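Inside the fold
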Amino acid sequence: TGLLFFTGVLLAIGALDTAGVLKQYATMITKLCRNSAVRLSILLGLSSALVDNVPLVEASIDMFRETPTDDPLWQLVALAAGTGGSTLAIGSIAGVTLMSMEHVGFLWYFRNVGLWAAVGFFCGIGVYQ
């Protein structure tokens with residue numbers, strides 16, 4: 001079922017890209033972040049807490065297709081999506097798996113893992129700076 005879930009999510013991302021929604025979103029958040037790779041990555045990382053990081057990175061690839069592959073933005077996107085997704089259990093497959101296998105509640109995860117993940121997220125962005 002996990003494979004079907006990711007297939008559906010990636011198909012939805014492809015549909016959004018084809019419809020031009022991702023390009024509009026990229027333009028909007030780039031203006032909002034004033035072309036700052038750090039601000040953009042923080043926004044994407046915090047978004048990754050609500051949306052799983054795999055479709056978020058896939059959407060980022062589609063949104064910033066014209067950005068060169070060696071641009072620092074991609075390093076920050078990888079850092080932000082990977083660590084930002086762990087701030088909430090629903091943002092990473094590891095958090096969802098922990099909740100289901102160990103019968104951990106959402107609030108327990110947030111109090112005991114999420115706050116430390118958020119500290120790691122912001123420290124990682126700060127160190128990269």
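Residues numbered from 1 in each chain as written. Predicted model: local features only at pLDDT ≥ 70, side-chain atom pairs only at ≥ 80, totals over all residues. Heavy atoms only, no water.

When helices and strands are tallied, the protein shows seven helices and zero strands. Start at the N end of the protein and walk to the C end: the helices and strands fall as α-α-α-α-α-α-α. Taken against the 2.2 N^0.38 rule, which gives 14 Å for 129 residues, the C-alpha radius of gyration of the protein at 15 Å falls within 12% of a compact globule. Taking the principal axes of the C-alpha coordinates as reference, the protein spans close to 45 × 35 × 25 Å. (Helix = DSSP H or I, 4+ residues; strand = E, 2+ residues; numbered from the N terminus. Rg over C-alpha atoms; globule rule 2.2 N^0.38 Å.)

Let us look at the environment of R65. Residue placement: R65 occurs in the loop between α4 (53–63) and α5 (72–84). As for R65 and G124, which are separated by 59 residues in sequence, their C-alpha atoms are 25 Å apart. Side chain to side chain, R65 and D17 meet in a polar contact 2.9 Å long. (Polar contact = N/O pair within 3.5 Å; in protein donor to acceptor, adjacent residues only side chain to side chain.)

This next bit is on a nonpolar patch on the surface. Taken together, the side chains of L50, V51, I90, F106, L107, F110 and L115 define a hydrophobic patch exposed on the protein surface, amounting to about 650 Å² of accessible area. Given a relative accessible area of 55%, L107 falls into the exposed group. (Patch = residues over 30% accessible without salt bridge, like charges linked within 9 Å, V, L, I, M, F, W, Y side chains within 5 Å. Areas by Shrake-Rupley, 256 points an atom, 1.4 Å probe, with all protein chains shown as cover. Salt bridge = Lys/Arg side-chain N within 4 Å of Asp/Glu carboxyl O. Buried < 20%, exposed > 50% of the residue type's maximum accessible area, 1.4 Å probe, protein only.)

This part covers the packing of aromatic side chains. Counted by the stated rule, this structure contains one aromatic pair. Where F121 meets F122, the ring centres are 4.9 Å apart and the plane angle is 70°; that geometry is what we call edge-to-face. When its relative accessible area of 0% is taken as the criterion, F121 is described as buried. (Phe/Tyr/Trp six-rings, centres within 6.5 Å; stacked < 30°, edge-to-face > 60°.)

Limitation: the analysis is restricted to geometry and does not speak to function.
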